[in-house]
Amino acid sequence: MAEALLKNIQDMLNEEKWTRAALSNYSTSQFKDLDLILKEAWEKRAYDDLKKTCDEHLGHTKNSIIALYLSGMIALSRQIIDDAALISLVSIFMDNHKWMIVKYLCERILDYGESKFALRTLAECYKNDNEEEAVFGLWERLVKVDYEEADLAKALAERFEKAQKNEEAVDYYKKALHRYINKQLFTNVREIWAKILHFCPEDIDFFLHVQKKIAKNISEDKASALLEDVYASCRARSDIDTAIAILKLMLQYKENNENARKEITECFQLKYAGHSQLQEYIRISNLSQKWRNIHEAVQDFEKHIAFDKGNFVFHRTWGVGRIANIQGDEILIDFSKKRDHAMSLKMAVNALQTLSKTHIWVLKATLKKEKLHERVKNEPGWALKTVIRSFGNSCDIKRIKTELVPSVLSAGEWTAWSAKAREVLKSDPSLGVSPDNIDLYTVRERPISIDEKLYNEFKAQKNFFDRAQTIRNYVSQREAEPDSEYFTEMFNYFSAYLRSRNQITEQVAASYLLVKQLAAQYPHLSAGLSLNFIELFEAIEDVPALFVNLKDAKLKEEFLHHIKLFVPSWPDMYVKLFPHALNRSIIESLEKEGHEDKLIGMIQHCFENFRENREAVVWIYKNLNRAAWFEKAGISFEKQLITLIHLLDITYREIENHRDTTENRKINKQVYTILFKDKALNSYIDTADTDTILRIFTFIEDVKDLDPADKMKLRNHILDRHPSFKFFGDPKKTVITRRLMVTQAKYEEKKRQLARLTDEELRANTKEISFARDLGDLRENAEYKAAKEKQGLLDKQIKTLQEEIERAQVFNPAELAADQVSFGTRVTLINESTGKAEEYTILGPWESDPDQGVISYQSPFGSAMLHKKAGETFCFIRNKEENISYLVQTIRAAAFA
């Protein structure tokens, strides 16, 4: 059925080409017929083939109306960003003044989401038809998706102002203002600034936010000039505190601003008109004197003006006090344990900290504890604001706890109270974070919207992935507006990574995933961005390393999902990423798609290379060893336990040597829980034979830092199940403890090696470092860097060797009993599969030399034959598949030089 449809399309394309149908013959009805074809193609699942046919036709007939429309609409329906086909098509009909068709095409484009091109073109059509309402409706939509369009935003604001819809007018004026600032058009900025100031003079936070942007994008002088208008408005409304704050900003931009200095002096006089020492403190601080640095003068004045009768102060020894009187240069202060304490003004300014009447220290000193406790406990919002304001309107949770526990709340009460407090911090519009530090909270005099609150959090975040979470939080809020300037700035932070991607880092990959996710929710965001996962993926130098550095669980999931969707060799990549991802979706995807062989190979690789895949081994044990296909991997339960015991030992040693301590503690705790708390060892021992139990217990004994109590409990459990069980150390068995068994010759050799490293090589390296340091600039000093790298390698070698020598136990040949396979014996085995004899000497890992027939008692093969007697048989799996049976023929003492 699809074949017939495609043939029909090909015939239509050929006919169009041969007849060269005139554009004047086209009407909207032809495009409606093409829409029916598209519907049929969708129902018959022929979209891909249809688009391929049209694209091939456009390769030699670029202005084919049919091909452009069908290809463009299919691309649009699949949210493919390349809309060149439809733009070309619309342009063709615009050039020929076929406006009805242009309208139809634009409306069809808009059926699939907002398009700047379609909205702008359609607006022009309606403008030509004098349909003013329709034009303004399209402009509103266009301004929401085109973040650079300033003139239309201004035109819409003026329209709403004329209609006396002031709230809508202000909204569009603000959009226009931000966009003119980005374009650095100050004349337009000043005009819009005046409009917004007229409509909402008390929206000080908005003006303070925008003036920073003006100072950065245009100039500080321009920002200061606009602040003058805001200052004048505040003075007119008698908002003296805000007027002073604005004057301080103006003086930061230009400290020799004489008019601002004069005005701030007048504002201080108005604010402190009833202060008994006002004029004296203005004189002392030289506030009105041009020769004095204005910032120092203001600081001095504010420090002095806080000293007045009835005000509170704090002394680090005497605590909170209240100023009882000021006489000339002398201040009398009532401290709780030191009444009428006299100090000079100069000393008071230097020694005392002034406190407001609502400072938490004052409240703790003046209110009854029960009353304060009750209010703090029942009104967390009030308590938070009180403490935050008490410390310069900038405070973190740690400081809040310090002030309230245990003086007001008990440690037990804090847990429940702090949970409520955190909710208040999130939801209260008058509480926000510092724009410079995400951990510091501030109190806003004027409540802010949820989008501005989250924007401030975004700006305060320093970590890329914390910002990614913040923008996700932003779009999840019902009140948040994806067309607001706050959202635009946040979105542009991530889209900037896609525009300058010289190297594909985790930030670029994360930005791609995040921008694509946002564009799916708001299609207009994808305009102008080239998003192609396969190109991005192929440019990644080290995929596992990048994946590890994606510090966001949702983005990791998306990354894996995109690999499966777009990378043909996704099963191999999933296997490669598994040790880093440890994600059940990887296993489920491979299972579902029938890649059992890859799963088996992946599991085998992780266990064979358990040192490098520690977390993966633990994860596999906990999640996969009961899977139907797991048995085929040939990893017995005994091998799983022994591998976990090895990991326990390795992590203990690396923790002791301060290597990746946090990660090793985590793995160590997981393995310990499996083996001992979950009783995996006990359960296995209950069903295992004595030889297996002996092997398992030997490995446990070798874990140096394992609590002896755990070893004893396991030993007792073994004896409960097998009362006649013989451990190492029994009279007829060579003692092999947790220490490393070695020969005397190898022990002496290792000691000489350690002496050479410490006495010769390390000393020589120290001289090399000293010599290289004398060569000059260490940043560009290749000799110094090489010497330091060598020092690191030597230190590592020495630590490893010292650790091994400390564990070493020298073997005494005189104590050897050759009635069973043990350290120091020479064993003749008969391979029952071939009938051939094989000879091996059993020694330790230091002496191991398989090519010469010397194997370690700790190796899998050595462990398998350990404690076997002549005439006994055992089986060993070699090369993962071959299960070979061996007969122990003879055992004798090995020859030692």
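The structure presented is a predicted model; accordingly, all values stated were derived computationally and were not measured. (Residues numbered from 1 in each chain as written. Predicted model: local features only at pLDDT ≥ 70, side-chain atom pairs only at ≥ 80, totals over all residues. Heavy atoms only, no water.)

1. Here's the deal with the overall build of the protein chain
Here comes step 1: Check the secondary structure of the protein chain and you find 42 helices and 14 strands.
Here comes step 2: Scaling as 2.2 N^0.38, a compact globule of 897 residues should have a C-alpha radius of gyration of about 29 Å, whereas the protein chain reaches 40 Å, well beyond that.
Here comes step 3: Considered along the principal axes of its C-alpha atoms, the protein chain spans approximately 110 × 110 × 65 Å.
Here comes step 4: By the burial criterion, 48% of the 897 residues in the protein chain qualify as buried.
Here comes step 5: At a minimum sequence separation of 6, the contacts of the protein chain that also span at least 24 residues come to 57%.
Here comes step 6: About 46600 Å² of surface is accessible on the protein chain, with carbon and sulfur atoms providing 48% of the total. (Helix = DSSP H or I, 4+ residues; strand = E, 2+ residues; numbered from the N terminus. Rg over C-alpha atoms; globule rule 2.2 N^0.38 Å. Buried < 20%, exposed > 50% of the residue type's maximum accessible area, 1.4 Å probe, protein only. Contact = heavy atoms within 4.5 Å. Areas by Shrake-Rupley, 256 points an atom, 1.4 Å probe, with all protein chains shown as cover.)

2. Notes on helix α12 (residues 204-217)
Here comes step 1: Under the 1.5 Å per step criterion, the end-to-end length of α12 is 20 Å for 14 residues, consistent within 8% with the ideal 20 Å.
Here comes step 2: Within the span of α12, buried status applies to Ile204, Asp205, Phe206, Phe207, His209, Val210, Gln211, Lys213, Ile214 and Ala215. (Expected span 1.5 Å × (residues − 1).)

3. Let's talk about the confidence of the model for the protein chain
Here comes step 1: Across the protein chain, pLDDT averages 86, with 93% of residues at or above 70.
Here comes step 2: By mean pLDDT, the top-scoring element of the protein chain is helix α11 (residues 186-199) (95), and the lowest-scoring one is helix α24 (residues 450-460) (79).
Here comes step 3: Across residues 730-737 the pLDDT falls below 50, and counting only partners more than four positions away or on other chains, this stretch makes 21 contacts in the model. (pLDDT = per-residue confidence, 0-100.)

4. Concerning the side chain of Ser589
Here comes step 1: Structurally, Ser589 is set in helix α32 (residues 584-592).
Here comes step 2: What Ser589 contacts, discounting residues up to four positions off in sequence, is Lys564, Trp570 and Tyr574.

5. Remarks on unusual backbone geometry
Here comes step 1: Backbone torsion omega between Val405 and Pro406 reads 5°, so that peptide bond is classified as cis.
Here comes step 2: By the element assignment, Pro406 lies in the loop between α22 (397-404) and α23 (411-427).
Here comes step 3: Of note in the backbone geometry, Asn393 takes a positive phi value of approximately 55° without being a glycine.
Here comes step 4: Of note, Asn393 is situated in the loop between α21 (380-390) and α22.
Here comes step 5: Residue classification places Asn393 among the partly exposed positions, given a relative accessible area of 27%.
Here comes step 6: Phi at His867 is positive, roughly 70°, even though this residue is not glycine.
Here comes step 7: Tracing the sequence through the fold places His867 in the loop between α42 (860-865) and β13 (873-878).

6. Examining the nonpolar core
Here comes step 1: Counting residues in each nonpolar core, the largest one holds 119 residues, and the members touching the most others are Phe31 and Tyr69.
Here comes step 2: Setting aside residues up to four positions removed in sequence, Phe31 forms contacts with Tyr26, Ile65, Tyr69, Leu89, Phe93, Ile101, Tyr104 and Leu105.
Here comes step 3: Membership of the second largest hydrophobic core comes to 100 residues, among which are Phe491, Trp570, Leu694 and Phe699. (Core = buried A, V, L, I, M, F, W, Y, C linked by side-chain atoms within 4.5 Å.)

7. A look at the sheet that holds strand β10 (residues 825-831)
Here comes step 1: Taking strand neighbours across the sheet as the criterion, the five strands line up as β12-β11-β10-β14-β13 in an open arrangement whose pairing is mixed. Both edges of this open sheet fall to β12 (854-856) and β13, since each of them pairs with a single strand only. Strand after strand, the sheet turns through a mean of 45° between neighbouring axes, direction not considered.
Here comes step 2: Here six bridges tie β10 to strand β11 (residues 837-843), and the two strands are oriented antiparallel to one another. Across the sheet, residue Leu829 finds its bridge partner in β11, namely Glu838. (Pairing = 2+ DSSP bridges. Axes fitted to C-alpha atoms, helices over the stretch in contact; angles between N-to-C directions.)

8. Notes on the state of the cysteines
Here comes step 1: One pass over the structure, following the stated rule, counts zero disulfides.
Here comes step 2: Between Cys267, a cysteine without a disulfide, and Cys234, which holds the nearest cysteine sulfur, the sulfur-to-sulfur distance is 9.2 Å. (Disulfide = S-S within 2.5 Å.)

9. Quick look at the pattern of salt bridges
Here comes step 1: Here the structure, examined in full by the defined rule, presents 48 salt bridges.
Here comes step 2: Residues Lys290 and Glu258 are paired through a salt bridge, measuring 3.6 Å at the closest nitrogen-oxygen approach. With Lys290 in the loop between α16 (278-285) and α17 (294-305) and Glu258 in helix α15 (residues 258-271), the pair connects residues that are 32 residues apart, well separated along the chain.
Here comes step 3: Residue Glu258 is classed as exposed on the basis of its relative accessible area, which comes to 53%. (Salt bridge = Lys/Arg side-chain N within 4 Å of Asp/Glu carboxyl O.)

10. A word on the sheet that holds strand β3 (residues 330-335)
Here comes step 1: With antiparallel pairing, five strands are arranged side by side in an open sheet as β4-β3-β2-β1-β5. Where the open sheet ends on each side, the last strands, each with one partner, are β4 (338-344) and β5 (353-355). Within the sheet, the average angular offset between the axes of one strand and its neighbour, ignoring direction, is 40°.
Here comes step 2: Alignment of β3 against β4, held across five bridges, turns out to be antiparallel. Looking at β4, one finds that Ile331 is bridged to Met343.

11. A short note on the packing of helix α31 (residues 570-581) against helix α33 (residues 596-608)
Here comes step 1: In contact at an axis separation of 10 Å, α31 and α33 are set at 25° when each is read in the N-to-C sense. Comparing the axis directions of α31 and α33 gives the class roughly parallel. Relative to α33, α31 is oriented so that their crossing is right-handed. In contact with Pro571, Asp572, Val575, Phe578 and Pro579 of α31, α33 contributes Lys598, Met602 and Cys606.
Here comes step 2: Here the residues of the contact of α31 with α33 sort into six nonpolar, no polar and two charged. (Parallel < 35°, antiparallel > 145°, perpendicular 65-115°, else oblique. Left-handed = near helix turned anticlockwise from the far one by under 90°. Nonpolar A, V, L, I, M, F, W, Y, C, P; charged D, E, K, R; others polar.)

12. Quick notes on helix α34 (residues 614-623)
Here comes step 1: Judged by how many residues are buried, α34 sits mostly within the fold: seven of 10 residues are covered.
Here comes step 2: Arg614, Ala616, Val617, Val618, Trp619, Ile620 and Tyr621 are the residues of α34 that are buried.

13. Section: the packing of aromatic side chains
Here comes step 1: Under the defined criterion, the tally for this structure stands at 46 aromatic pairs.
Here comes step 2: Between Phe31 and Phe93, the ring centres sit 5.7 Å apart and the planes meet at 80°, which makes this aromatic pair edge-to-face. Of the two residues, Phe31 sits in helix α2 (residues 28-43) while Phe93 sits in helix α5 (residues 84-95), which places them 62 residues apart along the sequence.
Here comes step 3: With a centroid separation of 4.7 Å and an interplanar angle of 45°, the aromatic rings of Phe268 and Phe301 are classed as tilted. In this pair, Phe268 is assigned in helix α15 and Phe301 in helix α17, connecting sequence segments 33 residues apart.
Here comes step 4: The exposure class of Phe268 is buried, given its relative accessible area of 1%.
Here comes step 5: A network of ring pairs unites the aromatic residues Phe458, Phe464, Phe465, Tyr493, Phe494 and Tyr497 as a single cluster. (Phe/Tyr/Trp six-rings, centres within 6.5 Å; stacked < 30°, edge-to-face > 60°.)

14. Here's the deal with the pairing of strand β2 (residues 319-327)
Here comes step 1: In this sheet, β2 lies alongside strand β1 (residues 312-315) in antiparallel orientation, the contact comprising four bridges. Counterpart to His315 in the pairing with β2 is Gly319.
Here comes step 2: Hairpin connection from β1 to β2: three residues lie between these consecutive antiparallel strands.
Here comes step 3: Sheet analysis places β2 next to β3, joined by six bridges and oriented antiparallel. From the neighbouring strand, Asn325 faces β3, where its bridge partner is Leu332.
Here comes step 4: Taking the residues between adjacent antiparallel strands as the criterion, β2 and β3 are bridged by two residues, where Gly328 takes a positive phi near 60°.

15. Observations concerning the environment of Lys338
Here comes step 1: Relative to the helices and strands, Lys338 is located in strand β4.
Here comes step 2: Put simply, Lys338 and Trp318 are 20 residues apart on the chain and 7.5 Å apart in space, counted from C-alpha to C-alpha.
Here comes step 3: With sequence-adjacent residues up to four places away left out, Lys338 is seen in contact with Trp318 and Ile333.

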